Amino acid sequence: MNPQIEKLYQIGLKKERFIIGLMSGTSLDGLDIALCRIENAGKTTKISLEKFITMDYEEIFRTKVREIFAKRTIDQQLLSGLNAYIGITHANLINQALKSWRISAAEIDCIASHGQTVYHAPQSLTKDLNWPNSTLQIGDGDHIAMHTGIITLSDFRQKHIAAGGEGAPLAAYGDYLLFSHPTENRFLLNIGGISNFTFIPSHQSQLEAYATDLGPGNTMMNQYMKAHFDLEMDRDAGTAKKGSVNKDLLEQLLAEEFLALPFPKTTGPELFNLTYLKEAQKRSDTVALPDEDVMATLNRFSAQAMINGIRRQAAGLPNVSVYISGGGLHNPLLFDGIKASLPDCKVESFASLGIDPDAKEAVLFALLANETLAGTRSNVEHIKDSPAVCMGKISLPE
Ligand SMILES: Nc1ncnc2c1ncn2[C@@H]1O[C@H](COP(=O)(O)OP(=O)(O)OP(=O)(O)O)[C@@H](O)[C@H]1O
Ligand SMILES: CC(=O)N[C@H]1[C@@H]2OC[C@@H](O2)[C@@H](O)[C@@H]1O[C@H](C)C(=O)O
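Here's a quick rundown of the structure. Values in this document were obtained by computation on a predicted structure and should not be read as measured data. (Residues numbered from 1 in each chain as written. Chains lettered and ligands numbered in written order. Predicted model: local features only at pLDDT ≥ 70, side-chain atom pairs only at ≥ 80, totals over all residues. Heavy atoms only, no water.)

The nonpolar side chains of a soluble globular protein tend to be buried, and buried together. Residues Leu189, Phe197, Leu253, Leu298, Val322, Ile324 and Ile338 are the most contacted members of the largest nonpolar core, which totals 46 residues. The biggest single contributor to this core is helix H11 (residues 291-314), with ten residues. (Core = buried A, V, L, I, M, F, W, Y, C linked by side-chain atoms within 4.5 Å. Buried < 20%, exposed > 50% of the residue type's maximum accessible area, 1.4 Å probe, protein only. Helix = DSSP H or I, 4+ residues; strand = E, 2+ residues; numbered from the N terminus.)

Now for the packing of helix H8 (residues 219-229) against H11. Two elements in contact, H8 and H11, have axes whose closest approach is 9 Å; the angle formed by their N-to-C orientations is 165°. Taken as axis vectors, H8 and H11 run roughly antiparallel relative to one another. H11 is crossed by H8, and the crossing has left-handed handedness. Contacts between H8 and H11 involve Met220, Met221, Tyr224, Met225, His228 and Phe229 from the first element and Asp291, Val294, Met295, Leu298, Asn299, Phe301 and Ser302 from the second. Looking at side-chain class alone, the contact of H8 with H11 contains nine nonpolar, three polar and one charged residues. (Axes fitted to C-alpha atoms, helices over the stretch in contact; angles between N-to-C directions. Parallel < 35°, antiparallel > 145°, perpendicular 65-115°, else oblique. Left-handed = near helix turned anticlockwise from the far one by under 90°. Contact = heavy atoms within 4.5 Å. Nonpolar A, V, L, I, M, F, W, Y, C, P; charged D, E, K, R; others polar.)

Here the structure, examined in full by the defined rule, presents 14 aromatic pairs. Ring geometry for Phe258 versus Phe272: centroids 6.0 Å apart, planes at 70°, classification edge-to-face. Here Phe258 is found in the loop between helix H9 (247-253) and helix H10 (274-283), whereas its partner Phe272 is found in the loop between H9 and H10, with 14 residues between them in sequence. Using a relative accessible area of 5% as the deciding quantity, one classes Phe258 as buried. Directly above the aromatic system of Phe258 lies the positively charged group of Lys265, at a separation of 4.6 Å from the ring centroid. One cation-aromatic arrangement involves Arg312 over Phe263; the distance from NZ or CZ to the ring centre is 4.3 Å. (Phe/Tyr/Trp six-rings, centres within 6.5 Å; stacked < 30°, edge-to-face > 60°. Lys NZ or Arg CZ within 6 Å of the ring centre and 35° of its normal.)

As a structural note, the neighbourhood of ligand 2 is formed by 15 residues, with Thr117, Arg157, Leu170, Ala171 and Asp213 the closest of them. Within the backbone of Leu170, a nitrogen or oxygen atom sits 2.8 Å from an oxygen atom of ligand 2. At the level of secondary structure, the elements contributing two or more residues to the shell around ligand 2 comprise strand S4 (110-121), strand S5 (134-138), strand S8 (194-200) and helix H13 (360-374). Considering every element that reaches the shell around ligand 2, the biggest residue donor is S4, with three residues. Its residues placed into classes, the shell around ligand 2 shows six nonpolar, six polar and three charged. Shared between two domains, the shell around ligand 2 takes at least three residues from each, and those domains are domain 1 (3-168 + 357-395) and domain 2 (171-353). (Near = heavy atom within 4 Å. Polar contact = N/O pair within 3.5 Å; in protein donor to acceptor, adjacent residues only side chain to side chain. Domains from an automatic or database assignment.)

Another point: the pattern of salt bridges. This model, assessed by the stated rule, comprises 16 salt bridges. In this structure, Arg37 and Glu50 form a salt bridge, with 3.3 Å as the shortest nitrogen-oxygen distance. Residue Arg37 is found in strand S2 (residues 30-39), and its partner Glu50 is found in strand S3 (residues 46-56); the two are separated by 13 residues along the sequence. The class for Glu50 is partly exposed, based on a relative accessible area of 34%. Across the pair Glu184 and Lys346 runs a salt bridge, and its minimum N-O distance is 3.0 Å. Of this pair, Glu184 sits in the loop between helix H7 (171-179) and strand S7 (185-191) while Lys346 sits in strand S11 (residues 346-349), and the two are 162 residues apart along the sequence. In this structure Glu184 comes out as buried when scored by relative accessible area, which is 10%. Overall, the relative accessible area of 34% leaves Lys346 in the partly exposed class. (Salt bridge = Lys/Arg side-chain N within 4 Å of Asp/Glu carboxyl O.)

Right, let's talk about the packing of helix H2 (residues 59-68) against helix H3 (residues 76-101) for a bit. Two quantities define a packed helix pair, namely the angle between the axes and the distance from one axis to the other. In contact at an axis separation of 11 Å, H2 and H3 are set at 145° when each is read in the N-to-C sense. The two elements H2 and H3 meet at a crossing, and its hand is left-handed. Each of Ile60, Phe61, Lys64, Val65, Glu67 and Ile68 in H2 lies in contact with H3, whose residues at this interface are Leu78, Leu79, Leu82, Tyr85, Ile86, Thr89 and His90. In terms of residue class, the contact of H2 with H3 is built from nine nonpolar, two polar and two charged.

Nothing here speaks to function; it is all geometry.
This is the structure we're talking about:
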């Protein structure tokens, strides 16, 4: 037998695995690296986050990814180059992180790599029924395996689509296994570029768990700050706090039909971008609005899309808790706006559940890899409208 296959088999049999989860989100701030110790699989999974770091990307990385990100027409040589380059870059960042933690590659069982989403194209988003659901994450797994010497699982979303899903969100699989609760009806709200929640009904409920995207999280605010101030984000909502919400623009932003669709659903910056904003400004006659007012309105738009989504699912349910993770947790205007509008819910940082809120998505991919290596499909068959499959392609380092 190929010794690497034998090694993989032995990893699958272990009671405890050390798995590095990677997330490179749409905000392009950096690579989240979460070293997890995971015991067992399925409902008896126990996970502890041993180390976590976000390794910042260099400006050239951001600039080059932005040249193809969420764009329909791109330079194919750049796409091909970035697929390899991102794989190598991620491997180098992992090697640096391991060195700083004084942990050797031999101590790690596998890497779980999300890759970099460059285009998300489920039919529900493209409205083009001539093509199947698709999504594209790049940063090749073979390159990561070869440059780290560690078995790598990658490209998780393809299997979800092949099995009938839309490729996103995947968070429900891990959230359901780790965070279901006897009495609380839980919303795990992640505010990344796009906002999404996993709804996990209490054990007393007959409802099913699912994850859904809600609308923009930080993406439109980030895009606006980049275009108008050449900044990566509206840090601490400094700009939005100086402006006021324009009701007409807000109404037009909220008019998008995606926001009214039933759950679960998925979206991306392919829809929620500056063109979308410009159209809403034209319709509301607010093209000349000051930047601060636009930012205040975009902030409120993101908050409102999340609030409306949570209210819709939470209506009539007792004991509702909302745990917030992702970079948007650090935007005080966003967090306070959400909390103030959900007075009947407990609204807290995801940190209350014992895991760093910035590490959540990277941890979830580590857990997906753990299920692929050691789980069974019955572990993940309780997710509404999502196929019960294990995900990720396996790259061997030899
Ligand atoms: N102090 C802060 N003030 C305002 N916004 C912040 C702050 N810190 C982080 N953010 C926002 O959070 C973003 C990063 O969030 P996160 O890393 O969760 O997104 P992502 O993982 O790239 O996105 P996705 O999950 O959609 O792929 C930043 O780009 C910024 O918009
Ligand atoms: C296509 C894609 O990369 N989608 C991401 C993105 O970031 C947030 C939201 O949009 C979510 O749908 C998804 O990520 C999380 C980790 C998920 O799959 O659950």
